[in-house]
Amino acid sequence: MSTIDLNTPPPNHKFSVSVEREETAGERNVRLFKDVTLFMVAVAFVTLIAWLCYSTLSAPNATADEKKWAMSVLSAATGGIIGYLVRR
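Let us look at the structure shown here.

The rules behind these values
- Residues numbered from 1 in each chain as written.
- Predicted model: local features only at pLDDT ≥ 70, side-chain atom pairs only at ≥ 80, totals over all residues.
- Heavy atoms only, no water.
- Helix = DSSP H or I, 4+ residues; strand = E, 2+ residues; numbered from the N terminus.
- Rg over C-alpha atoms; globule rule 2.2 N^0.38 Å.
- Buried < 20%, exposed > 50% of the residue type's maximum accessible area, 1.4 Å probe, protein only.
- Areas by Shrake-Rupley, 256 points an atom, 1.4 Å probe, with all protein chains shown as cover.
- Lys, Arg positive; Asp, Glu negative; His and termini not counted.
- Charge placed at Lys NZ, Arg CZ, Asp CG, Glu CD.
- Salt bridge = Lys/Arg side-chain N within 4 Å of Asp/Glu carboxyl O.
- Axes fitted to C-alpha atoms, helices over the stretch in contact; angles between N-to-C directions.
- Left-handed = near helix turned anticlockwise from the far one by under 90°.
- Contact = heavy atoms within 4.5 Å.
- Patch = residues over 30% accessible without salt bridge, like charges linked within 9 Å, V, L, I, M, F, W, Y side chains within 5 Å.

### Some remarks on the overall build of the protein chain
So, point 1. A tally of helices and strands in the protein chain yields two helices and zero strands.
So, point 2. The C-alpha atoms of the protein chain give a radius of gyration of 26 Å, which is well past the 12 Å a tight globule of 88 residues would have.
So, point 3. The principal-axis extents of the C-alpha atoms in the protein chain amount to approximately 80 × 35 × 20 Å.
So, point 4. Out of the 88 residues belonging to the protein chain, those deemed buried represent 6%.
So, point 5. Here the protein chain has roughly 8,300 Å² of accessible surface; of this, 65% comes from carbon and sulfur atoms.
So, point 6. Counting 9 positive and 8 negative side-chain charges, the protein chain places the centres of these two groups 8 Å from one another.

So, in structure tokens, the structure goes:
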């Protein structure tokens, strides 16, 4: 096994040192709870918006402008979801 003197690194080489703190079980639980709660709130919000748009589209007394608005929002939401799933 060869050794490298860190005071004089070999030519065309760089080195870095990092110190990272280890996550405790309590911190992990708090982080996971926060992430799951935020995800559930986002899903509920998107579901509410989609339901409002669908009810606007299926309402017989909705005007053409309201239906156009609802279709635009549904199209944007669908595009966003597909973009998130494809990751592009």
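### Here's the deal with the pattern of salt bridges
So, point 1. In total, this model carries two salt bridges according to the counting rule given.
So, point 2. A salt bridge links Arg 21 to Glu 27, with the shortest nitrogen-to-oxygen separation between them at 2.9 Å.
So, point 3. For Glu 27, a relative accessible area of 31% corresponds to the partly exposed category.
So, point 4. Here Glu 23 ties to Arg 31 by a salt bridge, and the two come within 2.9 Å at their closest N and O atoms.
So, point 5. Since its relative accessible area comes to 40%, Glu 23 is described here as partly exposed.
So, point 6. You can call Arg 31 partly exposed: its relative accessible area is 34%.

### What about the packing of helix α1 (residues 25–58) against helix α2 (residues 64–86)?
So, point 1. Interaxial distance between α1 and α2 falls to 9 Å at its minimum, and their mutual angle equals 145°. The two elements α1 and α2 meet at a crossing, and its hand is left-handed. For the pair α1 and α2, contact is made by Ile 49, Ala 50, Cys 53, Tyr 54, Thr 56 and Leu 57 and by Glu 66, Lys 67, Trp 69, Ala 70, Met 71, Val 73 and Leu 74, respectively.

### A word on unusual backbone geometry
So, point 1. Of note in this structure, Asn 12 is not a glycine but carries a positive phi near 60°.
So, point 2. By the element assignment, Asn 12 lies in the segment before α1.

### Brief notes about a nonpolar patch on the surface
So, point 1. On the surface, Phe 45, Val 46, Ile 81, Ile 82, Tyr 84, Leu 85 and Val 86 cluster together into a nonpolar patch covering about 730 Å² of accessible area.
So, point 2. The element contributing the most residues to the nonpolar patch is α2, with five residues.
So, point 3. Following the sequence through the fold, Leu 85 ends up in helix α2.
So, point 4. Owing to a relative accessible area of 63%, Leu 85 belongs among the exposed residues under this scheme.

Read these as layout, nothing more, since geometry by itself doesn't imply function.
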